[in-house]
Every structure is written in C-alpha cells, then in structure tokens.
Amino acid sequence: KKKGVQECRQCDGRGVKIEVIKRGPMIQQLQSSCGACGGQGKSFQTKQEREILEVHVQKGAPDGHKVNFREMADEHPDADTGDVVFVLKEQEHPVFKRRGADLFIERKISLVEALCGFTLELTHLDGRRLLIKTSPGEIVKPLAQGFDPLAVNEAKPEWEVFEDCDCPTIDNVAQADTVDVDMLKKACETQLKRKGIDVGVFVVDERRAYFKQCS
C-alpha cells in the first residue's frame, strides 16, 4: 500500500457501487461506477511542493545538450515518476562565435596596422581583459577567399593507441556501450562532431567507452 493512498469508503475499494431495487417479488441489482473515487477504488490527496533543482552545465556543453533529473517529475500512485529534463539552448553572442569548445572573433584592421603592428584589447566572457599584440614587421595576412574559420574540417584525425592509460583530469562528455574501436572512431567523426563536440581522446574499458573533449 502506497503512502497517502486510502481505500474508498463509499465502495469499500471495489470501484463500483451495487444498488439493490426491490419491486414486489422482483429484485433488481444495478451496478454503477463509484462517484466518490471515480471508479478507482481508492482515494488520495495531492499537494504542491516547490523544489529548486541546480543544473550543472559542463564546460563545452553543446547546443541541445540535455540534463536529466531522474524521478523528479510529478508523482502519481498508478504511474512511475517521470524525469525532469533541461535542454540547453545556446544564445548567440554579438562578438564571439563558437565551434565546439573554441571561440572566434572577427576584426577588421587597416593595411598600416597589418604591416606596422597593432594592439587590441578584448574583454572575455568571464570579464577578463586580454591584450592582443602584433609586432612591427609581423605581417598579418588576410584570409584566403572563401575560407571559413568556423567550417568543419573534413580531414579524418589520426588516432594513436595507448594501453593502460586514462585521462582522469579531463571530464567525460559522452559515453557509448560498445568497445568496437572502429565504431567509436566513426562516432567521433560524425555524430559527436555534428553536435559540436571535438573528441580528443576516448577511453575503453571492458564494457563501454568514455569520450573526452579537446581542451
């Protein structure tokens, strides 16, 4: 018996009411759904509680990443408690553009600045002020026509195998229930890359693999 659930007193937990009607020598028995409990045979009271959930957003979390709180949704005696799912939505920034875990900015400089050097003060997202300098004589070349620094590089990465190694200081960004190395490489180059996750290493144990993002 679940806590807070009581047997309906009107129908004794049957969910139906039986009414006997006697007309002379005839007896008629009518059965109808119990209006007190709605035919469920039990009654319960609901209450509203306010609970604050703290969402921890990992560094480099991609747009659309889901943070799941198991069994934190509304409760009902006849149903499993659902999950509360937060979906991260990336907000565009007027200065910075993002690709994976990297940030890019675009600035126009004059020909004199490109040849003689320039100084640029940049305020980072966390409030830090960065000073970017080029030395006189250090030529700043314009990007090649059609070059997009945010374009996805289609070149396949070269993987190296290290046995009995782990990277405990790097947080996991995804995991897979397979130990097939070829499938894991393909996942890094396709599904994870489309989500903006640049995997620098994956660690394989006896049952599953853990992906870790480039720093």
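Our subject in this report is the structure included herewith. (Residues numbered from 1 in each chain as written. Predicted model: local features only at pLDDT ≥ 70, side-chain atom pairs only at ≥ 80, totals over all residues. Heavy atoms only, no water.)

## As for the overall build of the protein chain
So, point 1. Looking only at helices and strands, one finds three helices and 13 strands in the protein chain.
So, point 2. When each of the 215 residues of the protein chain is scored for burial, the buried share is 15%.
So, point 3. Long-range pairs, those at least 24 residues apart, make up 46% of the contacts in the protein chain with a sequence separation of at least 6.
So, point 4. Entry remark: accessible area of the protein chain is about 18200 Å², with carbon and sulfur atoms responsible for 48%. (Helix = DSSP H or I, 4+ residues; strand = E, 2+ residues; numbered from the N terminus. Buried < 20%, exposed > 50% of the residue type's maximum accessible area, 1.4 Å probe, protein only. Contact = heavy atoms within 4.5 Å. Areas by Shrake-Rupley, 256 points an atom, 1.4 Å probe, with all protein chains shown as cover.)

## Things to note about the packing of aromatic side chains
So, point 1. Counted by the stated rule, this structure contains two aromatic pairs.
So, point 2. Ring geometry for Phe69 versus Phe86: centroids 5.7 Å apart, planes at 80°, classification edge-to-face. Separated by 17 residues along the polypeptide, Phe69 in strand β5 (residues 66-69) and Phe86 in strand β6 (residues 84-87) bring together distant segments of the chain.
So, point 3. Given the relative accessible area of 17%, Phe69 is considered buried.
So, point 4. Given a relative accessible area of 32%, Phe86 falls into the partly exposed group.
So, point 5. Relative to Phe211, the ring of Phe202 lies with its centre 6.0 Å away and its plane at 55°, an arrangement referred to as tilted. Here the two residues Phe202 and Phe211 agree in accessibility, since each one is buried. (Phe/Tyr/Trp six-rings, centres within 6.5 Å; stacked < 30°, edge-to-face > 60°.)

## Some details on a negative patch on the surface
So, point 1. A cluster of acidic residues, Glu71, Asp74, Glu75, Asp80 and Asp83, forms a negative patch at the surface.
So, point 2. The exposure class assigned to Asp74 is exposed, which follows from its relative accessible area of 71%. (Patch = residues over 30% accessible without salt bridge, like charges linked within 9 Å, V, L, I, M, F, W, Y side chains within 5 Å. Salt bridge = Lys/Arg side-chain N within 4 Å of Asp/Glu carboxyl O. Lys, Arg positive; Asp, Glu negative; His and termini not counted. Charge placed at Lys NZ, Arg CZ, Asp CG, Glu CD.)

## As for the nonpolar core
So, point 1. The biggest cluster of nonpolar side chains holds 10 residues, and these are Ala176, Leu184, Ala187, Cys188, Leu192, Ile197, Val199, Phe202, Ala209 and Phe211.
So, point 2. When residues of this core are traced back to their parent elements, those giving at least two are α2 (181-189), β12 (199-204) and β13 (209-213).
So, point 3. When residues in this core are grouped by element, the largest group, three residues, is from α2. (Core = buried A, V, L, I, M, F, W, Y, C linked by side-chain atoms within 4.5 Å.)

## Some remarks on the pattern of salt bridges
So, point 1. In total, this model carries four salt bridges according to the counting rule given.
So, point 2. Residue Glu121 pairs with Arg129 through a salt bridge whose shortest N-O separation is 3.8 Å. We note that Glu121, like Arg129, is exposed.

## Considerations on a nonpolar patch on the surface
So, point 1. Where nonpolar side chains cluster on the molecular surface, the patch consists of Val95, Ile105, Leu130 and Ile132 and spans about 240 Å² of accessible area.
So, point 2. Tracing the sequence through the fold places Val95 in the loop between β6 and β7 (97-99).
So, point 3. What makes Val95 partly exposed here is its relative accessible area of 31%.

## Remarks on the side chain of Lys212
So, point 1. Mapped onto the elements of the fold, Lys212 is located in strand β13.
So, point 2. Using a relative accessible area of 5% as the deciding quantity, one classes Lys212 as buried.
So, point 3. Not counting chain neighbours up to four residues away, the residues in contact with Lys212 comprise Asp166, Cys167, Ile170, Asp171, Asn172, Val173, Asp198, Val199, Gly200, Val201 and Val203.

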